[in-house]
Amino acid sequence: MTAHLEVAEGVGTIRLDRPPMNALDVATQDRLKELAEEAAGRDDVRAVVIHGGEKVFAAGADIKEMQAMDHAAMVKRSGALQESFTAVARIPKPVVAAVNGYALGGGCELALCADFRIAADNAKLGQPEILLGVIPGAGGTQRLARLVGPSRAKDLIFTGRHVKAEEALAIGLVDRVVPAAEVYEQAHAWAARLAQGPAIALRAAKESIDAGLETDIDTGLAIERTWFAGLFATEDRERGMSSFVAEGPGKAKFI
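Residues numbered from 1 in each chain as written. Predicted model: local features only at pLDDT ≥ 70, side-chain atom pairs only at ≥ 80, totals over all residues. Heavy atoms only, no water.

Chemist: Account for the sheet that holds strand β9 (residues 176-178), with residues named and values stated.
Modeler: Strand order in the open sheet formed by six strands is β1-β2-β3-β4-β6-β9, and the pairing between neighbours is mixed. Strands at the two margins of the open sheet, each flanked by one partner only, are β1 (3-8) and β9. Between one strand and the next, the sheet's axes are offset by a mean angle of 20°, whatever the strand orientation. Strand direction decides the pairing type here: strand β6 (residues 116-120) and β9, joined by three bridges, are parallel. Each residue of the ladder has a partner; that of Ile 118, found in β9, is Arg 176. (Pairing = 2+ DSSP bridges. Helix = DSSP H or I, 4+ residues; strand = E, 2+ residues; numbered from the N terminus. Axes fitted to C-alpha atoms, helices over the stretch in contact; angles between N-to-C directions.)

Chemist: Explain empty space enclosed by the protein residue by residue, including any values.
Modeler: One pass over the structure, following the stated rule, counts one cavity of 30 Å³ or more. A volume near 80 Å³ is recorded for the largest cavity. Of all the secondary-structure elements, those providing two or more residues to the lining of the largest cavity are α1 (26-41), α2 (63-67) and α3 (71-89). It is α3 that provides the largest number of residues to the lining of the largest cavity, a total of three residues. (1 Å grid on protein atoms, 1.4 Å probe; cavity = no way out; pocket = protein on both sides within 12 Å on 5 of 7 lines; lining within 4 Å. Points joined across faces, edges and corners; volume = space filled by probe spheres on them.)

Chemist: Report on the pattern of salt bridges, specifying residues and quantitative values.
Modeler: Per the counting criterion, the structure on display carries 15 salt bridges. Where Glu 6 meets Arg 15, a salt bridge forms, and the shortest distance between an N and an O atom there is 3.2 Å. Classification of Glu 6 as partly exposed rests on a relative accessible area of 31%. By sharing partners, the salt bridges in this structure join Arg 18, Asp 25 and Asp 62 into a single network. (Salt bridge = Lys/Arg side-chain N within 4 Å of Asp/Glu carboxyl O. Buried < 20%, exposed > 50% of the residue type's maximum accessible area, 1.4 Å probe, protein only.)

Chemist: Account for the environment of Arg 77, naming residues and giving values.
Modeler: Looking at where Arg 77 falls in the secondary structure, it is placed in helix α3. Filtering out sequence-adjacent residues up to four positions away, Arg 77 remains in contact with Val 26, Gln 29, Asp 30 and Met 69. Looking at Arg 77, its side chain comes within polar contact range of the side chain of Gln 29, at 2.9 Å. (Contact = heavy atoms within 4.5 Å. Polar contact = N/O pair within 3.5 Å; in protein donor to acceptor, adjacent residues only side chain to side chain.)

Chemist: Describe the layout of surface pockets, with residues and values.
Modeler: There is about 860 Å³ of room inside the largest pocket. Looking at the lining of the largest pocket, the element that brings in the most residues is helix α9 (residues 199-213), giving eight residues. Of the residues belonging to the lining of the largest pocket, the class tally is 15 nonpolar, two polar and ten charged. In this structure, the second largest pocket spans a volume of roughly 640 Å³. Lining of the second largest pocket is provided by 31 residues; of these, Ala 61, Ile 63, Met 66, Glu 129 and Val 134 occupy positions nearest its centre. (Nonpolar A, V, L, I, M, F, W, Y, C, P; charged D, E, K, R; others polar.)

Chemist: An account of the sheet that holds strand β8 (residues 162-164) is requested, with residue identities and associated values reported.
Modeler: The strands that make up a sheet are held in pairs by hydrogen bonds between backbone atoms, and each pair lies either parallel or antiparallel. Spatially, the three strands line up as an open sheet ordered β5-β7-β8, and their pairing is mixed. In this open sheet, the two edge strands, each paired with only one partner strand, are β5 (102-104) and β8. Adjacent strand axes in the sheet meet at a mean angle of 20°, parallel and antiparallel pairs treated alike. Sheet topology places strand β7 (residues 124-126) next to β8; three bridges connect them, and they run antiparallel.

Structure, rendered in structure tokens:
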């Protein structure tokens, strides 16, 4: 398999395994969709880490495979390509990307699907598709612009340049930069901490933020209001508030 799912301590790690560069060919794209849907549906997975290994996250699409496709073939394939990445973005649980080495093209787009990105101090990210005469096709033009703003997204996409970890942190493309040897450990720790939280409330928070960003403020507030009221029907809400009153904040044990 070009990717697999490992589960420990409530954390599911989707690990890319297509050496040497984790090129995201069609088989790997389809496998990512399968694993994202599996992680979304498993009760023993409370948070997710996406990891490519110690040397590289993913250096992009399989260009040799893509070169052989004509217009008709890509019209047919492009929907499935986007669906595989969207499946990762829509996992209704906290998702963190653990980025070592290169995260370029499709690799950068995969990292953009996470809620949080922890990068190695030697990481390089970018959308170099323009250098091939095309544009990002797995969500890069949309997710990157929403994350770092349209001007910075256009700079990266128009030039195809690579961004080092320090600049990626400064523009908000990644959220934390750590030594390369600590990337997965810190990503797993972040996910494990959230895996102990109230699962339905975390899902509500993620869906409210993500859906709200795609609409006007009044609709976003309506989405938030519906989720907020609905959480009052959950046992976790009862546990959280009872614990707060009896013991103070931060001591509730959620189910």
